[in-house]
Amino acid sequence: MMREVVTGGTATGLARSGTVYGKTGTAQFGDGAEAHGWFVGYRGDVAFCVFLEGGNDSGPAVTLGARFLTGVK
């Protein structure tokens with residue numbers, strides 16, 4: 001299921017970053033009107049997490065994850 005998140009789910013922004021597995025999410029805080037956005041995943045033997053405080057969406061975390069992976073060979 002973690003692969004499907006990347007190939008056809010909420011992390012398709014990582015689809016061109018190799019064989020990536022992961023999960024996106026948000027975590028509400030305060031009065032619930034705002035949320036942190038995150039992505040946690042792995043490719044091969046590299047595991048990583050992107051957490052954006054107050055991001056309100058996981059999309060930007062996915063984008064930053066893809067940028068990170070461009071520098072990992």
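Coordinates for the structure precede this section.
Before going into details, it helps to say that this report is about the structure given with it. (Residues numbered from 1 in each chain as written. Predicted model: local features only at pLDDT ≥ 70, side-chain atom pairs only at ≥ 80, totals over all residues. Heavy atoms only, no water.)

### Side note on the nonpolar core
Working step 1: Residues Val 5, Val 6, Ala 11, Leu 14, Val 20, Phe 39, Phe 48, Val 50, Ala 61, Val 62, Ala 66 and Leu 69 constitute the largest nonpolar core, which totals twelve residues.
Working step 2: Elements that contribute at least two residues to this core include exactly helix H1 (2-8), strand S3 (46-52) and helix H2 (59-70).
Working step 3: A total of four residues in this core trace back to one element, the largest contributor, which is H2. (Core = buried A, V, L, I, M, F, W, Y, C linked by side-chain atoms within 4.5 Å. Buried < 20%, exposed > 50% of the residue type's maximum accessible area, 1.4 Å probe, protein only. Helix = DSSP H or I, 4+ residues; strand = E, 2+ residues; numbered from the N terminus.)

### Describing the environment of Gly 71
Working step 1: Within the element layout of this structure, Gly 71 appears in the segment after H2.
Working step 2: Residue class for Gly 71 comes out exposed when judged on its relative accessible area of 61%.
Working step 3: The spacing of Gly 71 and Gly 9 is 62 residues in sequence and 24 Å in space, taken between C-alpha atoms.

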